[in-house]
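Reading the structure
The lines below spell out each chain.
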Amino acid sequence: MDTSTLKGLYRDMWLIRAFEQGLEREFEQGNVPGMLHTGLGQEATQAALAAHLEATDAFFPDHRCHGINALAQHRHGGNGERIMAELFGRATGVCSGKGGSLHSADPTVGNFGDNAVEGSYMATVLGVALAAKMRGEPNVACAIIGDGTVGRGEFHESLNMAAIWDLPVLYACVNNGYAISMPVGEGHATADIVELAKGYGIANQQVDGNDIVEAWTAVGDAVGRIRSGEGPYFLEFKTWRWQGIFAGEFRPEAEVKYWREERDPIMLAAEALAKRGATPAELDAIEAETRDLIEEWISFAKDSPAPDPAKATADVYAGWEVAAR
Ligand SMILES: Cc1ncc(C[n+]2csc(CCOP(=O)(O)OP(=O)(O)O)c2C)c(N)n1
Ligand SMILES: [Mg+2]
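Keep in mind it's a predicted model, so treat the numbers as computed, not measured. (Residues numbered from 1 in each chain as written. Chains lettered and ligands numbered in written order. Predicted model: local features only at pLDDT ≥ 70, side-chain atom pairs only at ≥ 80, totals over all residues.)

With respect to the sheet that holds strand S2 (residues 141–146)
Here five strands make up an open sheet; going across it, the order is S1-S2-S3-S7-S6 and the pairing parallel. Edge positions in the sheet fall to strand S1 (58–60) and strand S6 (203–208), since each has one partner strand and no second. The mean inter-strand angle of the sheet, taken between neighbouring strand axes irrespective of direction, is 15°. The sheet contact formed by strand S3 (residues 169–175) and strand S7 (residues 233–238) spans six bridges and is parallel. Bridge assignment links Ala172 to a residue of S7, and that residue is Leu235. (Pairing = 2+ DSSP bridges. Helix = DSSP H or I, 4+ residues; strand = E, 2+ residues; numbered from the N terminus. Axes fitted to C-alpha atoms, helices over the stretch in contact; angles between N-to-C directions.)

Digging into the site of ligand 1
Around ligand 1 sit 15 residues, and of these Glu118, Gly146, Gly148, Thr149 and Ala179 come closest. Broken down by class, the residue content of the shell around ligand 1 amounts to six nonpolar, five polar and four charged. (Near = placed C-beta within 6 Å. Nonpolar A, V, L, I, M, F, W, Y, C, P; charged D, E, K, R; others polar.)

Some remarks on the nonpolar core
Cys142, Ala143, Leu170, Ala172 and Leu235 are the most contacted members of the largest nonpolar core, which has 80 residues in total. Sorting elements by how many residues they give to this core places helix H1 (residues 3–28) first, with nine residues. (Core = buried A, V, L, I, M, F, W, Y, C linked by C-beta atoms within 7 Å. Buried ≥ 20, exposed ≤ 12 C-beta atoms within 10 Å, placed from the backbone.)

As for unusual backbone geometry
Residues other than glycine seldom take positive phi values, yet Ser96 does so here, at roughly 55°. Relative to the helices and strands, Ser96 resides in the loop between helix H4 (81–87) and helix H5 (121–135). For Ser96, a count of 18 C-beta atoms within 10 Å puts it in the partly exposed group. Positive phi, normally seen in glycine, also occurs at Leu102, with a value near 85°. Residue position: Leu102 is located in the loop between H4 and H5.

With respect to the environment of Gly136
Considering the arrangement of structural elements, one finds Gly136 in the loop between H5 and S2. Looking at Gly136, the number of C-beta atoms within 10 Å reads 7, which means it is exposed. Expressed as a C-alpha distance, the spacing of Gly136 and Ser181, which sit 45 residues apart in the sequence, is 43 Å.

Some remarks on the pairing of S6
Relative to S7, S6 is paired through six bridges, and the arrangement is parallel. Each residue of the ladder has a partner; that of Gln206, found in S7, is Glu236. This β-α-β element, S6 to helix H9 (residues 212–227) to S7, shows right-handed connectivity. (Right-handed = clockwise from strand over helix to strand, strands pointing away.)

Written as C-alpha cells, this is what we have:
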C-alpha cells in the first residue's frame, strides 16, 4: 500500500471515530433518540470495506455500522451529514428521520439498510447478488455480520445458496469476540468463524481486523475475485469492540486494557505512518480536521427540522409493487 492510500484510510478511520464519539456525547446528553451501538475500536474493518465498495455495489450494514454508512455517504454522495441527521431523527436524514439508528438506508450510495433483526438480511443479500449476476453486472453484494449473528439459521442457508449458485456475495464477519457477554468459542462450534465458510466450500480469509493494511488488502483481493465472477468470498475480521451492548456487560479488565491500549487500529496506523515519515503535527491535523467536520455534521443535524407528522406514512409502502397481482 502506498503512503497516500494509508493516509486516506487513516483519515477515514478518524472520520468514523469522531462520528461515533460525537454521537456518543450527544446521546448521553439526550439529543439522540432510540438505542446506540457504536463501532468504536472496529474502525479499520469498516474503513477497509468502505474503501472498496462502490455506489453500484450493495452492502447490508450491521448494528455497529454508522461509520461505514457515513463513509459511503461521504464518498459517493458528499453528504455524510445526512447519516448524522438520520440518527438525530431529523427530516434531512437519509430516511427523512424515520429510520434512526438500526434502520437507515440509502441504496443510491450502496447502503441497503441496517436491520434491528440481526442477520435477517442474510437472505436478502442473495437476491441482490442474483440480480447482479443475471444482469451481468460486476457488482458485489456484501453482508456485514457479527460473530453472534452467525448462530442464526439464515447464515447457513445463505452460505449454502451463495455457494451452489456461485453468487457475488462478500460475507464480512466482524468477529469481536462476544455476542453481548457470550464469548465466541462458547456460542459456536468454533471460535474461528472462517472454519464454517470452509465447510460450504467458499473462498475465505481470516484477517487482523485492527490492521488497516491487512484488512484493506484482503477486502481488495476478495472484491476483485467476486467482480471477476469467482463466486462468494468470506472474510473474518478478528477485532474487538470498545462498547459493550449494555452497561452491565462483563469483559475481563486485562482484555479491555490490551485492546484499547495496544490494539487500537488508529494508533497502529499512526505508528505505521510515522515509520514512513509522517510527523506528529501532520497526524494531529488529520484528527483535528475530521473532528471539525463531524461537529459541522452534528450542527447540521441539530439545526434540521423534525419530520412532519403529516408525512408519517409517506415512503412506507412501495405502491403498486406490493399489490396483489
Ligand atoms: C434476531 C435477533 N436476536 C437477538 C437480538 C438482540 N441482540 C442485539 S445485538 C445482539 C448480539 C449480537 O452479537 P454479535 O453478532 O456478535 O454483534 P456485536 O454486538 O458483538 O457487534 C443481540 C443478541 C437481535 N437484535 N436480533
Ligand atoms: Mg460480536
